[in-house]
Amino acid sequence: SFLKEAPAGVQQVVIFDGKLCYEHIGPYRERLLAEDRRERRPARCGDFAWLRQLLASLAAFLSRRGRELMVLELTGLLFGLQADALVPPLGRCLFAAPKLQQLHLAGCHLGDGGLERLLPHLSKGFPKLTHLSLAKNSLHSIRLIAKLLRGRAKLQRHKKA
């Protein structure tokens, strides 16, 4: 709901899972485990309803107020663990951000399958994108990465022409 109430002209949205960045710190890791035990919830990545809801909110925000968005950081959000259901809507909603310059998807567990689903969006859109972070996504297919780079290079050539 916080995205629905965001004012027009927002240029940066940062939503990341602290577990990716801080789980190696003992007290933080212990706190996460204690919360999981106290609330009797299984692994944090088991429930994807909140990610679907986040994507719906992000899509609504971008379509109504996100035309000025230049930076989107979604580091550590586990889109790739349900790539079929979550990655295509992510790619589609990003097209409502024509000024997007930086997209951070590090640690989203995309894997080759998730990257393959994002490829049509990343290689054909976002003419202003200068920074794409896909670190810690267990990408192994050189073919997919090469396809992404060729698509981005082609888009840049068209932009200059």
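Quick caveat, the model's predicted, so the values are computed rather than measured. (Residues numbered from 1 in each chain as written. Predicted model: local features only at pLDDT ≥ 70, side-chain atom pairs only at ≥ 80, totals over all residues. Heavy atoms only, no water.)

Some remarks on the side chain of Thr75
Piece 1. With respect to the element layout, Thr75 can be found in the loop between strand S2 (71-73) and helix H4 (83-94).
Piece 2. Polar contacts involving the side chain of Thr75 include one to the side chain of Glu73, which spans 3.1 Å. (Helix = DSSP H or I, 4+ residues; strand = E, 2+ residues; numbered from the N terminus. Polar contact = N/O pair within 3.5 Å; in protein donor to acceptor, adjacent residues only side chain to side chain.)

Brief notes about the nonpolar core
Piece 1. Of all hydrophobic cores here, the largest spans 39 residues; its most connected members are Leu72, Leu74, Phe79, Leu100 and Leu105.
Piece 2. Mapped onto this core, the elements with two or more residues apiece are helix H3 (49-65), H4, helix H5 (111-124) and helix H6 (142-160).
Piece 3. For Leu100, the residues in contact, after removing those within four places along its chain, are Leu69, Met70, Val71, Leu72, Leu94, Phe126, Lys128 and Leu129. (Core = buried A, V, L, I, M, F, W, Y, C linked by side-chain atoms within 4.5 Å. Buried < 20%, exposed > 50% of the residue type's maximum accessible area, 1.4 Å probe, protein only. Contact = heavy atoms within 4.5 Å.)

Concerning H5
Piece 1. An ideal rise of 1.5 Å per residue puts 20 Å on 14 residues; H5 measures up with 20 Å between its terminal C-alpha atoms.
Piece 2. Where H5 ends, the next residue or the one after it, Phe126, has phi of about 60°, a positive value. (Expected span 1.5 Å × (residues − 1).)

With respect to the confidence of the model for the protein
Piece 1. A residue-level look at the protein finds 80% of positions with pLDDT of 70 or above and a mean pLDDT of 83.
Piece 2. Confidence drops under a pLDDT of 50 for residues 41-45, and excluding neighbours within four residues, the segment shows nine contacts in the predicted structure. (pLDDT = per-residue confidence, 0-100.)

Observations regarding H4
Piece 1. Spanning 12 residues, H4 covers 16 Å between terminal C-alpha atoms, matching the ideal 16 Å at 1.5 Å per step.
Piece 2. If you check which residues of H4 are buried, you get Ala83, Leu86, Val87, Pro88, Leu90, Gly91, Cys93 and Leu94.
Piece 3. Residues of H4 that are buried make contact with H3, S2, strand S3 (102-104) and H5.

Remarks on a positive patch on the surface
Piece 1. Taken together, the side chains of Lys124, Arg143, Lys147, Arg150, Lys154 and Arg157 make up a positively charged region of the molecular surface.
Piece 2. Tallying contributions element by element places H6 first for the positive patch, with five residues.
Piece 3. Inspection of the secondary structure puts Lys124 in helix H5. (Patch = residues over 30% accessible without salt bridge, like charges linked within 9 Å, V, L, I, M, F, W, Y side chains within 5 Å. Areas by Shrake-Rupley, 256 points an atom, 1.4 Å probe, with all protein chains shown as cover. Salt bridge = Lys/Arg side-chain N within 4 Å of Asp/Glu carboxyl O. Lys, Arg positive; Asp, Glu negative; His and termini not counted. Charge placed at Lys NZ, Arg CZ, Asp CG, Glu CD.)

Considerations on the packing of aromatic side chains
Piece 1. In the structure shown here, the tally under the stated rule is one aromatic pair.
Piece 2. Between Phe95 and Phe126, the ring centres sit 5.1 Å apart and the planes meet at 10°, which makes this aromatic pair stacked. One end of the pair, Phe95, is in the loop between H4 and S3; the other, Phe126, is in the loop between H5 and strand S4 (131-133), with 31 residues separating them in the sequence.
Piece 3. When its relative accessible area of 41% is taken as the criterion, Phe95 is described as partly exposed. (Phe/Tyr/Trp six-rings, centres within 6.5 Å; stacked < 30°, edge-to-face > 60°.)

Observations concerning the sheet that holds S3
What links the strands of a sheet is backbone hydrogen bonding, and the strands pair in either a parallel or an antiparallel sense.
Piece 1. Spatially, four strands are ordered S1-S2-S3-S4 in an open sheet, and the strand pairing comes out parallel. Each edge of the sheet is formed by a strand with only one pairing partner; in this case those strands are strand S1 (12-14) and S4. On average, each strand axis in the sheet is inclined to that of its neighbour by 5°, with strand direction left out of account.
Piece 2. By the bridge criterion, three bridges tie S2 to S3 in an arrangement that is parallel. When the bridges of S3 are listed, Glu73 appears paired with His104. (Pairing = 2+ DSSP bridges. Axes fitted to C-alpha atoms, helices over the stretch in contact; angles between N-to-C directions.)

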